[in-house]
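# Breakdown of the fold
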Amino acid sequence: MQPYIPPYLESITTDLDDLEDEMTVQGKHLKNLYIEDQTCRNLLFKECILENVTFSENRFKKIEFNNVIFKKCDLSNQNMEDAIFHKSRFEECKLTGLSLPESCIQYVTFEECLGDYLNVGFALMKDVHFKGCELKFANFGSCKFNKVDFDTCNLIAAEFAGTKLNGLDFTTCRIDALKVKLLELKGIKVTPDQALEFAKMLGIKIEGMEKSNE
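Residues numbered from 1 in each chain as written. Predicted model: local features only at pLDDT ≥ 70, side-chain atom pairs only at ≥ 80, totals over all residues. Heavy atoms only, no water.

## A short note on the environment of Glu112
With respect to the helices and strands, the residue Glu112 is situated in the loop between strand S10 (104–111) and strand S11 (124–131). Under the relative-accessibility criterion, Glu112 is labelled partly exposed at 49%. Sequence separation between Glu112 and Thr152 is 40 residues; the distance between their C-alpha atoms is 9.6 Å. For Glu112, the residues in contact, after removing those within four places along its chain, are Glu92, Cys93, Lys131, Gly132 and Cys133. (Helix = DSSP H or I, 4+ residues; strand = E, 2+ residues; numbered from the N terminus. Buried < 20%, exposed > 50% of the residue type's maximum accessible area, 1.4 Å probe, protein only. Contact = heavy atoms within 4.5 Å.)

## A word on unusual backbone geometry
Its identity is not glycine, yet Phe122 carries a phi of approximately 65°, on the positive side. Structurally, Phe122 can be placed in the loop between S10 and S11. Judged by its relative accessible area of 59%, Phe122 falls in the exposed class. We note that Lys147 has phi near 60°; this positive angle belongs to a residue other than glycine. Relative accessible area serves as the criterion here: at 60%, Lys147 is assigned to the exposed category.

## What about the side chain of Asn66?
With respect to the helices, strands and loops of the structure, Asn66 is situated in strand S7 (residues 64–71). Judged by its relative accessible area of 15%, Asn66 is buried. Discounting residues that sit within four places of it in the chain, Asn66 has contacts with Leu44, Phe45, Lys46, Glu47, His86 and Ser88.

## Brief notes about the packing of aromatic side chains
As enumerated under the stated definition, the model contains 17 aromatic pairs in all. Relative to Phe150, the ring of Phe140 lies with its centre 5.4 Å away and its plane at 85°, an arrangement referred to as edge-to-face. Of this pair, Phe140 sits in the loop between S11 and strand S12 (144–151) while Phe150 sits in strand S12, and the two are 10 residues apart along the sequence. By the burial criterion, Phe140 is buried, and Phe150 matches it. Note on Phe145 and Phe160: the rings are 6.4 Å apart at their centroids and 80° apart in plane angle, and the pair reads as edge-to-face. Of this pair, Phe145 sits in strand S12 while Phe160 sits in the loop between S12 and strand S13 (189–190), and the two are 15 residues apart along the sequence. An aromatic cluster is built from Phe45, Phe65, Phe70, Phe85, Phe90, Phe110, Phe130, Phe140, Phe145, Phe150, Phe160 and Phe170, whose rings are joined through pairwise contacts. (Phe/Tyr/Trp six-rings, centres within 6.5 Å; stacked < 30°, edge-to-face > 60°.)

All we've got here are geometric facts, nothing functional implied.
And the structure:
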């Protein structure tokens, strides 16, 4: 599901320094600006494009992004507890150290993003797609996955403990030193080379090996 963006958006190029609790920002194109040192609850961004927007030193609680496109934005080291992302897309964004614990992330795509140390622990994730992302040391622990996939991502030392991974395809990703419990590996798809890291573990389907053994 692609974000719905109205054909005409109001252009905003001045820094936002007057955000308030329960506020809605709708139908805007925010470009080349800073959102910093803001404290808000239940802030809603709806049907917007955020382009080259930098978030810095904000304290957001239950912020929501509904039908929002992020282009080359920087959300590094932001804490957005209990956030909601719905029908949104991130394109070439910096998400290093972004913390989204216990968030709800649905129908969201991350493309070519830098997300090392991203924290989405205990999040509900449905129809979420990561493509070409750097996710080293990212935390996906104790998440509920429903139609989540990783395509050509760097997942070195990423944390998946407590998350059911059955059906996930890691064949295009780097998964060295993946942090996961043995039983959670059952049903994942890996290449023969990747399987060497889990050689003594049970329940792994190694794509390509089954055909060679027929």
